[in-house]
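Observations on the model geometry
The chain contents come next:
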Amino acid sequence: MNIFYQLFQGFSTLALSDPLISFTRVALILLGILLVYLGKKGILEPLLMIPMGLGMATINASIIFLPDGAQGNLFVDPLVTDINQLLNILQINFLQPVYTYMFSNGLIACFIFMGIGGLIDISYILQRPFSSMTLALFAEFGTFATIPVAMAMGLTLNESASIAMVGGADGPMVLYTSLILAKHLFVPITVVAYLYLGLTYGGYPYLIRLLVPRKYRGIQVKYSKPPKPISSNMKLASAVVLCVILCFLFPVASPLFFSLFVGIAIRESGLTHIQDFIVGPLLYGSTFLLGILLGILCEAHLLLNPKILTLLVLGIIALLFSGIGGIMGGYVMFFIKKGNFNPAIGIAGVSCVPTTAKVVQKEVSKVNPNAIILQEALGANIMGVITTAIITGLFITLIPYFMK
Amino acid sequence: MNVIYNIMLIYALAFVIGFFVAGIIWILYTSMTAKGIGKSILRDSYSQMKQLKQKKIKST
């Protein structure tokens, strides 16, 4: 029997662990397989869910006994703090270099932001900055409304602000904020955030149908005169000016601002080889590594934090509040423009680029196949990214001040 | 209660900064797409001067 346990350590660690840990491991293996299935079906974002689901299932199956008798794995140890121990682990755990040098310092978030910058066209936000900004600010409602709820559920202000950032629906920002404000919780918060960002794809269509009546959902926005054309030189100049101003305002969030605007600058400069690199290998490579790491971090020992259930509930609340806030913003624009605005576009202010914009267009097309609102939705979406970065800067700067 | 007040304050600040940024974008856009008044006056007077010169040459 002892040889069996030595040989098949995945089973032996399962049999010899605390029943709660064993049960959680089995549940996470099943959840991982379910995520792969839902990703393949297109119900959740496949780009993230397939590597994440497989990583989650694998890590919980491959727990072994380490030489010191404790249980562990050969993938990553996110809790190591001692430098000598870290140097040893870097040579053993194959994903430890990616975690230490890319994930825990926010580099992977910046790479993803560069890729997003290289993909987005800022023409619409230059033409109509105020309407895009209004939608984006309303769609941040969840980011603020969740904080008092989280505090009522027993979290500190730093922890509450970190989990509330899920309402911004911007994975890199959640990662960055939780790294600075609540480092001890950044693994579960980031996992919860990315898990739920996939859910916006499946859940927001129902919210749109619930809050926007059919007759308003099919509205096509009309313009009295066509917008003036914008050259790439203008977009480049705007990106440079905005980057410098935002970095002046919030130096704490400057790595994120720089990453986003350098992507835009490369796109508008016509540096096609570099653009191809950042929107291709860099963006997809970073997303793939992020997916794998998030899955691997879903190990039962790590996730069995007493606060995890609270975080799961708060993540949903934040995204729900932001979705509702976004649609309220859509209604505000609808009244300002005297009916010449589709309120459903508001939910695209939740800055999950480009998922929420695609979701809105899909829902609008179902009611009115001739209505094209993707431009307006992407404008709100991109402005949402800028707004979330501004709020990240505000939180990182002001929350520690309020904690004193 | 104090927390809610602080959070509302930060949200209001986000609105102020957001619209400040939108204002900068609007100024950039309008200034970059505006028809250069000074430039066109200069161009018009230059073409008038050219026409006058040609007339003078023809007359002589």
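These numbers were taken from a predicted model, which means no experiment stands behind them.

**Brief notes about the overall build of chain A**
- Regarding its fold elements, chain A presents 21 helices and 2 strands.
- Against the globule reference of 22 Å for 404 residues, chain A gives a C-alpha radius of gyration of 22 Å, in line with a compact fold.
- Dimensions of chain A, computed from C-alpha atoms along their principal axes, come out at roughly 80 × 45 × 40 Å.
- The 404 residues of chain A split such that 57% are buried.

**What about the confidence of the model for chain A?**
- In this model, chain A carries an average pLDDT of 88, and 99% of its residues clear a pLDDT of 70 or more.
- Per-element confidence in chain A ranges from a low mean pLDDT of 76 for helix α1 (residues 2-7) of chain A to a high of 94 for helix α10 (residues 141-152) of chain A.

**Side note on the layout of surface pockets**
Residues and elements named next belong to chain A.
- Empty space within the largest pocket amounts to approximately 750 Å³.
- Lining the largest pocket are 34 residues, with I116, C352, V353, P354 and T355 positioned closest to its centre.
- If you list the elements that add at least two residues to the lining of the largest pocket, you get α4 (46-61), α7 (107-119), α8 (123-127), α12 (171-181), α13 (186-211), α17 (272-296), α20 (355-367) and α21 (374-403).
- Of the residues assigned to the lining of the largest pocket, the class counts are 21 nonpolar, 9 polar and 4 charged.
- Taken as a whole, the second largest pocket holds about 480 Å³ of empty space.
- Along its surface, the second largest pocket is lined by 20 residues, and L66, G72, N73, D77 and I89 are the ones closest to its centre.

**Description of the packing of aromatic side chains**
- Here the structure, examined in full by the defined rule, presents 12 aromatic pairs over all chains.
- A ring pair is formed by A:F144 and B:Y11, whose centres lie 4.2 Å apart and whose planes are at 20°; its orientation type is stacked. Highlighted residues: A:F144 in helix α10 and B:Y11 in helix α1 (residues 2-33), drawn from two different chains. For the pair A:F144 and B:Y11, one class covers both residues: buried.
- In this arrangement the basic side chain of A:R128 is found over the ring face of A:Y223, its NZ or CZ atom lying 3.9 Å from the centre.
- The ring of A:Y206 has A:R209 sitting right over it, with the charged end atom 5.0 Å from the ring centre.

**Observations concerning the nonpolar core**
All names here are of chain A.
- With 136 residues, the main nonpolar core has F103, F261 and F395 as its most contacted residues.
- The contacts of F261, once residues within four sequence positions are left out, are A239, L242, C243, L246 and I386.
- Of all hydrophobic cores here, the second largest spans 5 residues; its members include M114, I266, I278 and L282.

**Side note on the interface of chain B and chain A**
- Listed by partner, the interface residues are 23 residues for chain B and 37 residues for chain A.
- Taken over both partners, the interface formed by chain B and chain A buries close to 2700 Å², and the fraction arising from carbon and sulfur atoms is 88%.
- Of all residues in chain B, B:I10, B:Y11 and B:Y29 give up the largest surface area on contact with chain A, accounting jointly for 24% of the area buried on that side.
- At the junction of chain B with chain A, the criterion picks out 0 salt bridges.
- If you look at where chain B meets chain A, you find 2 residue pairs in polar contact (both at pLDDT 80 or more).
- By residue class, the composition of the side of chain B that touches chain A is 19 nonpolar, 4 polar and no charged.

**What to know about a nonpolar patch on the surface**
- A cluster of nonpolar side chains, namely A:F4, A:L7, A:F8 and A:F11, defines an oily patch on the protein surface of about 440 Å² accessible area.
- As for its placement among the helices and strands, A:F8 is situated in the loop between α1 and α2 (9-16).

**What about helix α9 (residues 129-138) of chain A?**
- Judged by how many residues are buried, α9(A) sits mostly within the fold: 8 of 10 residues are covered.
- Those residues of α9(A) that sit buried are A:P129, A:S131, A:S132, A:M133, A:T134, A:L135, A:A136 and A:L137.

**Notes on the side chain of A:T392**
- In this structure, A:T392 sits in helix α21.
- A polar side-chain atom of A:T392 sits 2.7 Å from the main-chain carbonyl oxygen of A:T388.

**Description of the packing of helix α15 (residues 232-249) of chain A against α1(B)**
- The contact between α15(A) and α1(B) brings their axes to 11 Å, and the two run at 150°. Between α15(A) and α1(B), the angle is such that the two are roughly antiparallel. The chirality of how α15(A) crosses α1(B) is right-handed. Side by side, α15(A) and α1(B) meet where A:M234, A:A237, A:S238, A:V241, A:L242, A:I245, A:L246 and A:L249 of the first sit next to B:I17, B:F20, B:V21, B:I24, B:I25, B:L28, B:M32 and B:T33 of the second.
- Of the residues belonging to the contact of α15(A) with α1(B), the class tally is 14 nonpolar, 2 polar and no charged.

**A look at the packing of α10(A) against α1(B)**
- The N-to-C vectors of α10(A) and α1(B) enclose an angle of 170°; their axes lie 10 Å apart at closest approach. As judged from the angle between their axes, α10(A) and α1(B) are roughly antiparallel. Here the hand of the crossing between α10(A) and α1(B) comes out right-handed. Contacts between α10(A) and α1(B) involve A:F141, A:F144, A:I147, A:P148 and A:M151 from the former and B:V3, B:I4, B:I7, B:I10, B:Y11 and B:A14 from the latter.
- A class-by-class count of the residues in the contact of α10(A) with α1(B) yields 11 nonpolar, no polar and no charged.

**With respect to the side chain of A:N60**
Residue and element names in this part refer to chain A.
- Locating N60 in the fold gives a position in helix α4.
- Here the side chain of N60 touches C298 through a polar contact of 3.0 Å, landing on its backbone oxygen.
- Discounting residues that sit within four places of it in the chain, N60 has contacts with R25, L28, I29, C298, E299 and A300.

**Focus on unusual backbone geometry**
Residues and elements named next belong to chain A.
- With phi around 55°, A169 is a residue other than glycine that occupies positive phi space.
- Relative to the assigned elements, A169 resides in the loop between α11 (157-164) and α12.
- Classification of A169 by relative accessible area gives buried; the value is 2%.
- Phi angles above zero are rare outside glycine, and K338 is one such case at about 50°.
- Here K338 is to be found in the loop between α19 (308-336) and α20.
- What makes K338 exposed here is its relative accessible area of 78%.

What counts and what doesn't
Residues numbered from 1 in each chain as written. Chains lettered and ligands numbered in written order. Predicted model: local features only at pLDDT ≥ 70, side-chain atom pairs only at ≥ 80, totals over all residues. Heavy atoms only, no water. Helix = DSSP H or I, 4+ residues; strand = E, 2+ residues; numbered from the N terminus. Rg over C-alpha atoms; globule rule 2.2 N^0.38 Å. Buried < 20%, exposed > 50% of the residue type's maximum accessible area, 1.4 Å probe, protein only. pLDDT = per-residue confidence, 0-100. 1 Å grid on protein atoms, 1.4 Å probe; cavity = no way out; pocket = protein on both sides within 12 Å on 5 of 7 lines; lining within 4 Å. Points joined across faces, edges and corners; volume = space filled by probe spheres on them. Nonpolar A, V, L, I, M, F, W, Y, C, P; charged D, E, K, R; others polar. Phe/Tyr/Trp six-rings, centres within 6.5 Å; stacked < 30°, edge-to-face > 60°. Lys NZ or Arg CZ within 6 Å of the ring centre and 35° of its normal. Core = buried A, V, L, I, M, F, W, Y, C linked by side-chain atoms within 4.5 Å. Contact = heavy atoms within 4.5 Å. Buried area = accessible area lost by both parts, 1.4 Å probe. Salt bridge = Lys/Arg side-chain N within 4 Å of Asp/Glu carboxyl O. Polar contact = N/O pair within 3.5 Å; in protein donor to acceptor, adjacent residues only side chain to side chain. Patch = residues over 30% accessible without salt bridge, like charges linked within 9 Å, V, L, I, M, F, W, Y side chains within 5 Å. Areas by Shrake-Rupley, 256 points an atom, 1.4 Å probe, with all protein chains shown as cover. Axes fitted to C-alpha atoms, helices over the stretch in contact; angles between N-to-C directions. Parallel < 35°, antiparallel > 145°, perpendicular 65-115°, else oblique. Left-handed = near helix turned anticlockwise from the far one by under 90°.

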